[in-house]
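Here is what each chain is made of, one letter per residue.
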Amino acid sequence: MNIADAIAVFFICLGCFFFMTGAIGILRFPDFYTRMHATGKSDTLAVLLCLCGLAIHHGLCLDSFKLLLIAVFVFFANPTGTHSICRAAFRCGVKPWTKKENTP
Amino acid sequence: MNSFFLGICLFLCLMILPCLYRAIVGPTVIDRMVAVGAIGTKTLVILILMGFLYERVAMFIDISMVYAILNFLGTLAAARYFEMEGEI
Amino acid sequence: MNNESPKTQTKPFTPLTSYQTVFSQKRLEQVRHFLLSFILLFLFWLLLSGHYDIFHISIGVFCCLLVSYTSSDFLFVHVGAGDSHLIIPRLLTYIPWHLYQIIVSNIYLAKLVFSPISRLNPHFVPYKTKLTNGLALVTFANSITLTPGTITIDLNDNTFYVHAIDSKVADDLLTGDMENRIEKVFLPVAHARERAGTMLAAEANNLIVKTIVRIFTPFIQIYGLYVIAHGHYSPGGGFQGGVILAASIVLLSLAFGLRRTMSKVTEKLTTMLCSSGVFIYGGLGLLCLLLGGNFLDYEKLDIFLKVGPPQARSLGILGIEIGIGMAVMACMTSIFFDIATAGELPDEPSEMVIKSGDALVEDTIPEDTKDE
């Protein structure tokens, strides 16, 4: 295993860790908006890290650039999707979970 | 390296389970949409890993790019629908 | 493109020379936008294609010309202030800081995920911004979404509604550090809309989604054309490429509203594209039949094309793919329109609100959003 592969493995593992935090966040967080925090942020970074790791593993060729292209697409698309669906919920009047009401 | 990729694939499949739980149980419809979006993001990475496993990277990259576009489109469409309906 | 008409109508008594300068400047800018988007899209095509022979590059040039003709105004919008070239290098200096913020944000979130729920203290924070340029606002909104503990919920009258997961992170945002950085990046045009004397408020309706979709659409269309043109090397071909092209139009109508999209991609256009696509497919097949081969026996086309049978077969497949792509794209688009409208155009209140900024928004939509 050479050094590029080591870096790739590190990146992919880090990405998987952030996928895990996102998944646990979806499971645990109390309401819609807080769950959006979990998906919107962690998934973006996790995809970015995984795809960068795979691109490093694949070496310098056209496919690596395509991988980075997907990463860039997700980097812009994911926060936009998060915003748009949060906005829809906000305008439909989905009540946010607040600390005061739920903890004595 | 292949066994590592296989392990990551399995791990991501495992990570889909919590999202699936949220998609099935989720108290509101919009929760389900979010969970489906999250599953889509994980699927995108799994598709590329499968490309590496089958050694047909170029093909699977094209597929996953389309998947990314459609995932984004689905989220926007759901948001637009809920906004026009005005209730969830 | 009728960009020059509003100016000339509002100032009817200005001397003829100023008319001409305004006109030629607009014209010059249009040409510049066209060339810039052509170069960008062609680079994108080269990155996708991977086949660098004359045949494929000429297909690429044709596709890029087509897309940059139909959507040159999508990528570069008239901002009313010169000297916007500096934005890109400064944006590159902003991105490393942004990436660092994203990592910090995720570590913060990871801590929250593993701590008890009572640690959360979610609340909405209104945040008044001084930025007015659309792109700057979109960058700011997406930066807020990706940085620690905050999500942009809504953008209204220059006010961001931000959902903060903790009271501490809201304070971080309110210091305005990030806003200052973004203002620095977009400095010459950050307040451009204000200078042009137009209000942003009306345009701000769904601004973020509109801007991102506007920027993505040409690239998605190029990607669809790439899938059509490279059908015999990679997965895909006419059907898949056509669906991707249709997806770009669906995206447009989700962001800009059905009414406006349907005024550009009319029913007449989709019907024409659909039938001519089927005509190309059936015509090529029947031509092969007339030349003495089987249906779609491309090798017989050799007589017209004057190349060897293998090249003739490859060209024949390309022709068929183009026909199928046109037909599928038009069909999918019209199916979407039919389902979404149910025969009649609904009133879209969110689109009707736009009044004073309408001219500006209109500028971002070219004459024909169609493709192929």
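Residues numbered from 1 in each chain as written. Chains lettered and ligands numbered in written order. Predicted model: local features only at pLDDT ≥ 70, side-chain atom pairs only at ≥ 80, totals over all residues.

Peer 1: Got a minute to help me understand the overall build of chain B in this structure?
Peer 2: Secondary structure summary: chain B contains three helices and zero strands in total. Written out in order from the N terminus, the α and β elements of chain B read α-α-α. Computed over the C-alpha atoms, the radius of gyration of chain B is 15 Å, more than 25% above the 12 Å expected from 2.2 N^0.38 for a compact globule of 88 residues. Its C-alpha atoms put chain B at 50 × 25 × 10 Å along the principal axes. A total of 88 residues make up chain B; the buried ones form 45% of that total. Within chain B, contacts between residues at least 6 apart in sequence are counted, and of these 48% link residues at least 24 apart. (Helix = DSSP H or I, 4+ residues; strand = E, 2+ residues; numbered from the N terminus. Rg over C-alpha atoms; globule rule 2.2 N^0.38 Å. Buried ≥ 20, exposed ≤ 12 C-beta atoms within 10 Å, placed from the backbone. Contact = placed C-beta atoms within 7 Å.)

Peer 1: It is not clear to me how the overall build of chain A should be interpreted in this structure. Could you clarify?
Peer 2: If you tally the helices and strands in chain A, you get four helices and zero strands. Ordered by position from N to C terminus, the α and β elements of chain A give α-α-α-α. Taken over the C-alpha trace, chain A has a radius of gyration of 17 Å; the compact-globule value for 104 residues is 13 Å, which it surpasses by more than 25%. In terms of its C-alpha atoms, chain A occupies a principal-axis envelope of roughly 55 × 25 × 15 Å. Taken across its 104 residues, chain A has 57% of its residues classed as buried. Long-range contacts, defined as pairs at least 24 residues apart, comprise 64% of the intrachain contacts of chain A with a sequence gap of at least 6.

Peer 1: What am I meant to see in unusual backbone geometry here?
Peer 2: A negative phi holds for most residues other than glycine; trans holds for most peptide bonds. Here the phi dihedral of Glu55(B) falls at roughly 60°; this positive angle occurs in a residue that is not glycine. By the secondary structure assignment, Glu55(B) is in the loop between helix H2 (29-54) and helix H3 (57-85).

Peer 1: Just checking my understanding: could you explain the environment of Ile56(A) for this structure?
Peer 2: Residue and element names in this part refer to chain A. Tracing the chain through its elements places Ile56 in helix H2 (residues 32-58). Sequence spacing of Ile56 and Ala4 is 52 residues, and the spatial spacing of their C-alpha atoms is 6.4 Å. Not counting chain neighbours up to four residues away, the residues in contact with Ile56 comprise Ala4, Ile7, Ala8 and Phe11.

Peer 1: Would you mind showing me how to read the nonpolar core here?
Peer 2: As a rule of thumb, soluble globular proteins bury nonpolar side chains together. If you look at the biggest cluster of nonpolar residues, it comprises 138 residues, and the most contacted ones within it are Leu51(A), Leu54(A), Ile85(A), Ala68(B), Ile222(C), Tyr223(C) and Ile244(C). Sort the elements by how many residues they give to this core and H2(A) lands first, with 15 residues. For this core, the two domains that each supply at least three residues are domain 1 (36-79 + 208-364) and domain 2 (87-195) of chain C. Leave out the neighbours within four places in its chain, and Ile222(C) touches Leu41(C), Phe44(C), Trp45(C), Cys63(C), Cys64(C) and Val67(C). (Core = buried A, V, L, I, M, F, W, Y, C linked by C-beta atoms within 7 Å. Domains from an automatic or database assignment.)

Peer 1: It is not clear to me how the interface of chain B and chain A should be interpreted in this structure. Could you clarify?
Peer 2: In this complex, chain B contributes 40 residues to the contact, which on the side of chain A involves 36 residues. Looking at the side of chain B that touches chain A, the elements with two or more residues in it are helix H1 (2-25), H2 and H3 of chain B. Here the side of chain B that touches chain A is built from residues that sort into 29 nonpolar, six polar and five charged. (Nonpolar A, V, L, I, M, F, W, Y, C, P; charged D, E, K, R; others polar.)

Peer 1: Teacher, can you tell me more about the confidence of the model for chain B here?
Peer 2: In low-pLDDT segments, the atomic positions of the prediction should not be examined closely. Of all residues in chain B, 100% have pLDDT values of 70 or greater, and the mean over the chain is 89. Between the elements of chain B, mean pLDDT differs from a low of 88, seen in H3(B), to a high of 91, seen in H1(B). (pLDDT = per-residue confidence, 0-100.)

Peer 1: What exactly am I supposed to notice about the interface of chain C and chain A here?
Peer 2: A common measure of how large an interface is: the accessible area buried when the components associate. Taken together, the contacts link 28 residues of chain C with 33 residues of chain A. Elements with a contribution of two residues or more to the side of chain C that touches chain A: helix H4 (87-113), helix H5 (134-146), strand S2 (150-156) and helix H9 (207-229) of chain C. For the side of chain C that touches chain A, a count of residues per class yields 17 nonpolar, ten polar and one charged.

Peer 1: I'm lost on helix H14 (residues 309-341) of chain C in this one. Help?
Peer 2: Residues three or four positions apart in an α-helix share a direction because the helix packs 3.6 residues into each turn. If you check H14(C), its first and last C-alpha atoms are 48 Å apart, about what 33 residues at 1.5 Å a residue would give, namely 48 Å. Looking one or two places after H14(C), you find Ala342(C), whose phi comes out positive at around 55°. (Expected span 1.5 Å × (residues − 1).)

Peer 1: Would you mind showing me how to read the sheet that holds strand S1 (residues 123-128) of chain C here?
Peer 2: Adjacent strands of a sheet form backbone hydrogen bonds with each other and so pair up, either parallel or antiparallel. Residues and elements named next belong to chain C. If you trace the three strands from one edge of the open sheet to the other, you get S1-S3-S2, paired in antiparallel fashion. Every interior strand has two partners, whereas the edge strands, S1 and S2, have only one. Averaged over all pairs of adjacent strands, the angle between their axes in this sheet comes to 25°, without regard to strand direction. Bridge analysis of S1 against strand S3 (residues 159-164) gives six bridges, and the strand direction is antiparallel. When the bridges of S3 are listed, Val125 appears paired with Val162. (Pairing = 2+ DSSP bridges. Axes fitted to C-alpha atoms, helices over the stretch in contact; angles between N-to-C directions.)

Peer 1: Got a minute to help me understand the packing of H2(B) against H3(B) in this structure?
Peer 2: Between two packed helices, both the angle of their axes relative to each other and the distance between the axes serve to describe the pair. All names here are of chain B. It is at 8 Å that the axes of H2 and H3 come closest, and there the two elements cross at 175°. One finds that H2 runs roughly antiparallel with respect to H3. Contact residues: H2 offers Ile30, Met33, Gly37, Gly40, Thr41, Thr43, Leu44, Leu47, Ile48, Met50, Gly51 and Phe52, while H3 offers Val57, Met59, Phe60, Ile61, Ile63, Ser64, Tyr67, Ala68, Asn71, Thr75, Ala78 and Phe82. Here the contact of H2 with H3 is built from residues that sort into 16 nonpolar, eight polar and no charged. (Parallel < 35°, antiparallel > 145°, perpendicular 65-115°, else oblique.)

Peer 1: Any chance you could explain the packing of H2(A) against H4(C) here in plain terms?
Peer 2: Relative orientation of the contacting elements H2(A) and H4(C) amounts to 130°, with a least axis distance of 10 Å. For the element pair H2(A) / H4(C), the angle class is oblique. The handedness of the crossing between H2(A) and H4(C) is left-handed. Only Ile102(C), Ile103(C), Ser105(C), Asn106(C), Leu109(C) and Val113(C) of H4(C) make contact with H2(A), whose side of the interface consists of His37(A), Ala38(A), Lys41(A), Ser42(A) and Leu45(A). Looking at the contact of H2(A) with H4(C), its residues break down into six nonpolar, four polar and one charged. (Left-handed = near helix turned anticlockwise from the far one by under 90°.)

Peer 1: I tried to follow helix H1 (residues 3-28) of chain A on my own but got confused; where do I start?
Peer 2: Across its 26 residues, H1(A) extends 37 Å between first and last C-alpha, which sits within 8% of the 38 Å expected from 1.5 Å per residue. Regarding H1(A), the residues found buried are Ala8(A), Phe11(A), Ile12(A), Gly15(A), Phe18(A), Phe19(A), Thr21(A), Gly22(A), Ala23(A), Gly25(A) and Ile26(A). As for H1(A), its buried residues are in contact with H2 of chain A, H1 and H2 of chain B together with H4 of chain C.

Peer 1: I keep staring at the pairing of S3(C) and nothing clicks. Help me out?
Peer 2: Each regular strand shows side chains that alternate between the opposite faces of the sheet. Examined bridge by bridge, S2(C) and S3(C) share six bridges and lie antiparallel to one another. Opposite Ile151(C), over in S3(C), you have His163(C) as the bridge partner.

Peer 1: Got a minute to help me understand the environment of Gly242(C) in this structure?
Peer 2: With respect to the helices and strands, Gly242(C) occurs in helix H10 (residues 238-256). Ignoring any residue separated from it by four or fewer positions in sequence, one finds Gly242(C) in contact with Ile324(C), Gly325(C), Val328(C), Met329(C) and Met332(C).

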